[in-house]
Amino acid sequence: MSKVSNLILEIQDMLVSGFDADQIAYKLDIPESWVYDAAKMMEEDYGDHNYNDSMDGDFDSAMASAGFGTDEDYGYCPEDF
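Residues numbered from 1 in each chain as written. Predicted model: local features only at pLDDT ≥ 70, side-chain atom pairs only at ≥ 80, totals over all residues. Heavy atoms only, no water.

### Brief notes about the nonpolar core
- Ile11, Met14, Ala21, Ile24, Ala25, Leu28, Ile30, Val35 and Ala38 together form the largest nonpolar core, which totals nine residues.
- Going through the elements one at a time, helix H1 (3-16), helix H2 (21-28) and helix H3 (32-46) are the ones with two or more residues in this core.
- In contact with alanine 21, other than residues within four places in its own chain, are Glu32, Val35 and Tyr36. (Core = buried A, V, L, I, M, F, W, Y, C linked by side-chain atoms within 4.5 Å. Buried < 20%, exposed > 50% of the residue type's maximum accessible area, 1.4 Å probe, protein only. Helix = DSSP H or I, 4+ residues; strand = E, 2+ residues; numbered from the N terminus. Contact = heavy atoms within 4.5 Å.)

Written out as structure tokens, the structure reads:
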């Protein structure tokens, strides 16, 4: 990754960790506008409108992905052969 990409990721990580824009700008010695730009990019990339949690990695969604615990129809299988 480039230095700029790494910086953007570092800013976004700090935002998620609870730092505010002026703290991040001071700590990284960058203009505060860069922090706002990184926050805007994060919102565009990961905003609630783009997030699909239907397969979020929990047990139930993993089992559904594997075909267990779903209401899929696998066809009729007679009990008596």
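### Description of the confidence of the model for the chain
- Averaged over all residues, the pLDDT of the chain is 78; the fraction at 70 or higher stands at 60%.
- Mean pLDDT in the chain bottoms out at helix H4 (residues 59-66), which sits at 68, and peaks at H2, which reaches 95. (pLDDT = per-residue confidence, 0-100.)

### As for unusual backbone geometry
- The residue aspartate 29 is not glycine, and still its phi comes out positive at about 55°.
- By the secondary structure assignment, aspartate 29 is in the loop between H2 and H3.
- According to the relative accessible area criterion, aspartate 29 is exposed, its value standing at 71%.

### Observations concerning the packing of H1 against H3
- Their axes nearest at 9 Å, the elements H1 and H3 cross at an angle of 80°. Between H1 and H3, the angle falls in the class roughly perpendicular. Along its contact with H1, which presents Leu7, Ile8, Ile11, Gln12, Leu15 and Val16, the element H3 presents Trp34, Val35, Ala38, Ala39, Met41 and Met42. (Axes fitted to C-alpha atoms, helices over the stretch in contact; angles between N-to-C directions. Parallel < 35°, antiparallel > 145°, perpendicular 65-115°, else oblique.)

### Brief notes about the side chain of glutamine 12
- Of note, glutamine 12 is situated in helix H1.
- According to the relative accessible area criterion, glutamine 12 is buried, its value standing at 9%.
- When sequence neighbours within four positions are dropped, the list of residues in contact with glutamine 12 reads Ala38, Met41 and Met42.

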